[in-house]
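Here are the chains, one letter per residue:
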Amino acid sequence: MRKFNVAVVGATGAVGEELFRVMDAYDFPVENIVPLASARSAGSSIEYKGKEYTVLELTETCFEENNVEIAFFSAGGSISEKFAQYAVKAGAVVIDNTSHFRMQDNVPLVIPEVNPEDIASWKETGIIANPNCSTIQMVLSLKPLDELYGIKRVDVSTYQAVSGAGKAGMEELVTQMQDFFAFKLNDSAKEAFAHQIALNVIPQIDVQQPNDFTKEEMKMVNETQKIMHKEIQVAATCVRVPVLRSHSESITVTFEDGVDVDVAEVRSSLERFENVEVIDDLANNAYPMPIISTDTDITYCGRIRKDIYASNVVHYFNVADQVRVGAATNSVRIALKWIEMEQCD
């Protein structure tokens, strides 16, 4: 496998830092690392495989000047909107971790375990979009179930960690907890979230949409349908919880009419699917939790049970590290699949 000049836009952010760790873990074929960030972060350094690299300022010409061949973008939608075109013009494939390109018709939206064939259309724009973190872990578990019985509808409630709001979200939770134990929580800053997050849950992530769902919730609806190439009905309620890392989801799946769910078959289909693991032993207190999934590349499923009223409905709990599975790891897996497909061509 030949090696590539790899740029990471947003190199000093939470996802950017995780990208370097994941690339190292996957032994990504790197010729040279080009860490890119704002002028404020330029001049700092990052470490990759024991070597230090100076962070460069993101500019319109930096991709061409550094012969970038693969560019990971994780610095916000407005940055991708402005600068992705320059990476593409320089000859790089862009793997974008923001929401900006996800629903653009000619941009593939990819989870490699689910729809790797969609990567083939990358040449139309030079861009491959990485789905929303909550969508990724949910669809990783939906795909084998859809193949098993055929999914008609999904109802999901998320329990999303504060790291979904970046470093600022994590820092705010830690600070508020420290202030709680110092008896000054009322004076604690509330900047990353609209309300206190310590010892609280907030049933809103992102802004209200005309249908009264939030933007985060509608991402799960629209992205699921695009990735699975199927008009599955999806209703989501997205909730921020005081957990540092790893999102959890309570998922109810309604299969096609006439299906009689066999829980053993559901469990087996999940166990066989790539990068999905079942932990489901309620009698022995074994089920997926954020402390299990954090710093792993696995989507965990458990609490699998058939509905007590409808034979075609199953309920289960799903947990994954959204910084890895929901962002950095999925991006790296996309890149590796892209490399594999390009070499086959």
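That block above? That's the structure.
Everything numeric in this text was worked out from a predicted model, so none of it was measured. (Residues numbered from 1 in each chain as written. Predicted model: local features only at pLDDT ≥ 70, side-chain atom pairs only at ≥ 80, totals over all residues. Heavy atoms only, no water.)

Trainee: How should the overall build of the protein be read in this particular structure?
Mentor: If you tally the helices and strands in the protein, you get 9 helices and 14 strands. C-alpha extents for the protein along the principal axes are approximately 60 × 60 × 40 Å. Within the span of the protein, comprising 345 residues, buried residues form 52% of the whole. In the protein, the share of contacts with a sequence separation of at least 24, taken over all contacts with a separation of at least 6, comes to 67%. For the protein, the exposed surface amounts to about 15,300 Å²; the carbon and sulfur share of it is 48%. The centroid of the 30 positive side-chain charges in the protein is displaced by 1 Å from the centroid of its 51 negative side-chain charges. (Helix = DSSP H or I, 4+ residues; strand = E, 2+ residues; numbered from the N terminus. Buried < 20%, exposed > 50% of the residue type's maximum accessible area, 1.4 Å probe, protein only. Contact = heavy atoms within 4.5 Å. Areas by Shrake-Rupley, 256 points an atom, 1.4 Å probe, with all protein chains shown as cover. Lys, Arg positive; Asp, Glu negative; His and termini not counted. Charge placed at Lys NZ, Arg CZ, Asp CG, Glu CD.)

Trainee: Hey, could you run me through the environment of S74 in this one?
Mentor: Among the secondary structure elements, S74 is positioned in the loop between β6 (70–73) and α3 (77–89). Exposure remark for S74: the relative accessible area of 15% places this residue in the buried category. For the pair formed by S74 and S41, sequence separation is 33 residues and the distance between their alpha carbons is 15 Å. The contacts of S74, once residues within four sequence positions are left out, are V9, G10, V15, G16, L19 and N97.

Trainee: Quick question: what am I supposed to make of the sheet that holds strand β5 (residues 56–57) here?
Mentor: One key point about sheets: their strands pair by backbone hydrogen bonds, in either a parallel or an antiparallel sense. Strands sit in the order β5-β2-β1-β6-β7-β8 across an open sheet of 6 strands; the sheet is parallel. Edge positions in the sheet fall to β5 and β8 (127–129), since each has one partner strand and no second. Sheet topology places strand β7 (residues 93–96) next to β8; 3 bridges connect them, and they run parallel. Bridge pairing links V94 to I127 in β8. (Pairing = 2+ DSSP bridges.)

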